[in-house]
Amino acid sequence: MIDSPKITLRHTADSDAGTLVALYDRAARWMRDNSIDQWKPGEKDSEHFRERMRTGEVWLAEADGRPCAAYELWWSDEAAWGVQPPVAGYVHRLMIDRTTAPRGLGRRVLGHAELRIGQTGREFARLDCLSSNPRLRTYYEAAGYRVAGEHPSKEAADGSTYAVVLLEKRLPRRP
């Protein structure tokens, strides 16, 4: 028999900012080590996550009390999606620590984000991924997301541009 860890998800607090930075950096190193050119270790600092806590939501997953995943939830994303009516929540930085996370945790955390978006009455979960990252696109499509478009020149914090695929999932209606 295999023991599964108890997974809890909670809103983050300012005191979690360092944990979020560490999760981001571990995920970025894993991407780099697996030839995925997406995130870079050191790109996001504590202030980045504190700002996201102020303007949206940041959630932390723990397995038996150990941080193992997190994500940001935004209520608009004009940089990728343009001005939109308030019908969606936007999932960003789904971070999984592959050294501590149980198998399948990414889907569970993504499901939590979808549930949270649905609780607000919004109809869609949306996200984007680099056009040059077909593995991630395939992952999201297998989770029920469909391609809604492409943004060929999303601007990075340093002013450079990159192409992203826009994906969305219609959420079930809530009673």
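Residues numbered from 1 in each chain as written. Predicted model: local features only at pLDDT ≥ 70, side-chain atom pairs only at ≥ 80, totals over all residues. Heavy atoms only, no water.

> Before we go on, may I ask you to explain the pattern of salt bridges in this structure?
Oppositely charged side chains can pair when the atoms bearing their charge come close. According to the stated counting rule, one finds 15 salt bridges in the structure shown. One salt bridge in this structure joins Arg10 and Glu62, with 3.4 Å as the shortest N-O distance. With Arg10 in strand β1 (residues 7-11) and Glu62 in strand β2 (residues 57-63), the pair connects residues that are 52 residues apart, well separated along the chain. Taking relative accessible area as the criterion, Arg10 reaches 31% and is therefore assigned partly exposed. Take Glu62: its relative accessible area is 14%, and that puts it in the buried class. When the shortest N-O distance is used, the salt bridge between Glu72 and Arg52 registers 3.7 Å. Of this pair, Glu72 sits in strand β3 (residues 66-74) while Arg52 sits in helix α2 (residues 46-55), and the two are 20 residues apart along the sequence. Residue Glu72 is classed as buried on the basis of its relative accessible area of 0%. (Salt bridge = Lys/Arg side-chain N within 4 Å of Asp/Glu carboxyl O. Helix = DSSP H or I, 4+ residues; strand = E, 2+ residues; numbered from the N terminus. Buried < 20%, exposed > 50% of the residue type's maximum accessible area, 1.4 Å probe, protein only.)

> Explain the pairing of strand β6 (residues 146-155) here, please?
Consecutive residues of a regular strand have side chains that alternate between opposite faces of the sheet. Judged from the 7 bridges that link them, β6 and strand β7 (residues 161-170) form a sheet pairing that is antiparallel. For Gly149, the partnering residue across the bridge sits in β7 and is Leu166. The hairpin turn running from β6 into β7, its antiparallel successor, is 5 residues long, and Gly159 in that turn takes a positive phi close to 95°. (Pairing = 2+ DSSP bridges.)

> Is there a simple way to think about the sheet that holds strand β4 (residues 88-96) in this case?
Sheet strands associate in pairs through backbone hydrogen bonding, adopting either a parallel or an antiparallel arrangement. Read across the sheet, 7 strands follow the order β1-β2-β3-β4-β5-β7-β6 without closing on themselves; strand pairing throughout is mixed. The sheet is open, and its two borders are formed by β1 and β6, each paired with just one other strand. In this sheet, neighbouring strand axes are inclined to one another by 30° on average, regardless of whether the strands run parallel or antiparallel. Pairing of β1 with β2 involves 5 bridges; the strand directions are antiparallel. Each residue of the ladder has a partner; that of Thr8, found in β2, is Glu62. (Axes fitted to C-alpha atoms, helices over the stretch in contact; angles between N-to-C directions.)

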